[in-house]
Amino acid sequence: MTYEAFLELVARLWDEIPEAFKRGVQGVHVLPQAKGEPGLEGVWRLGEYLDPGPPSALGGFEGLGRHIALYYGSFRQVAGPGFDWEGEVWETLLHELRHHLESLAGRDELVREDLRRLDAFRRGGRGEGGGR
């Protein structure tokens, strides 16, 4: 899949998500590069939720907003024959959107689940259910 086709796929799938679930997300950014997981060779981040967190004492985060990033290059790294591009993009978008909704609710269950998966990879396992 070309980068341009990937952009179109992401835009189409993002448009299918009801606006109520996307409230507060400033944007979805599709970046051309791959993003490896630090310290885990061959493990790629397909996407991530970027939340500036609480404002600092100096107001340094105000106005930065919340974003979702998808890494086209990471998808290319994991894509093999028969790779379900649409299914994987959809799953990744929903995963990152869940991070957003949990952040708004002051919850962190998915963050803890992701950390458990990474810990399993570091111990030599594959991690249950893979990672985003």
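About the criteria used
- The numbering scheme is per chain: residues are counted from 1 as the chain's sequence reads.
- Local features are withheld for residues below a pLDDT of 70 in this predicted model, meaning they are given only at 70 or higher, and side-chain atom pairs are given and counted only at 80 or more; totals for whole chains, interfaces and linings count all residues.
- Remark: hydrogens and water are excluded; side-chain values derive from all non-hydrogen atoms of the structure.
- The rule for a salt bridge is simple: a side-chain nitrogen of Lys or Arg has to be within 4 Å of a carboxyl oxygen of Asp or Glu.
- In this description a helix means any DSSP run of H or I spanning at least four residues, a strand means any run of E spanning at least two, and both kinds are numbered starting from the N terminus.
- Two strands are counted as paired when DSSP detects at least two bridges linking them.
- Axis lines are fitted to C-alpha atoms, over the contacting stretch for helices. Their N-to-C directions set the angle, which ranges from 0 to 180 degrees.
- Two residues qualify as a contact provided that any one of their heavy atoms is within 4.5 Å of a heavy atom in the partner residue.

(A) Structural detail: the pattern of salt bridges. Per the stated rule, a full pass over the model turns up eleven salt bridges. The salt bridge involving K35 is made with E48; its shortest N-O contact spans 2.7 Å. Residue K35 is located in the loop between β1 (25-31) and β2 (36-37), and its partner E48 is located in strand β4 (residues 47-50); the two are separated by 13 residues in the primary sequence. A salt bridge links R45 to E37, with the nearest nitrogen and oxygen atoms 2.8 Å apart. Through salt bridges with shared partners, a single ionic network connects K35, E37, R45 and E48.

(B) The arrangement of the sheet that holds β4 in detail. Across the sheet, three strands lie side by side as β1-β5-β4; this open sheet has mixed pairing. The open sheet has two edge strands, β1 and β4, and neither has a second partner. Between one strand axis and the next, the sheet turns by 15° as a mean value, whatever way the strands run. Relative to strand β5 (residues 66-71), β1 runs parallel, the two being bridged by six bridges. Across the sheet, the residue bridging to V25 is R66, located in β5. Strands β1 and β5 of the sheet are contacted by helix α1 (residues 3-16), whose axis makes an angle of about 155° with β1. Here helix α4 (residues 85-104) sits on the sheet and contacts β1, β4 and β5; the angle it forms with β5, its principal contact strand, is near 155°.

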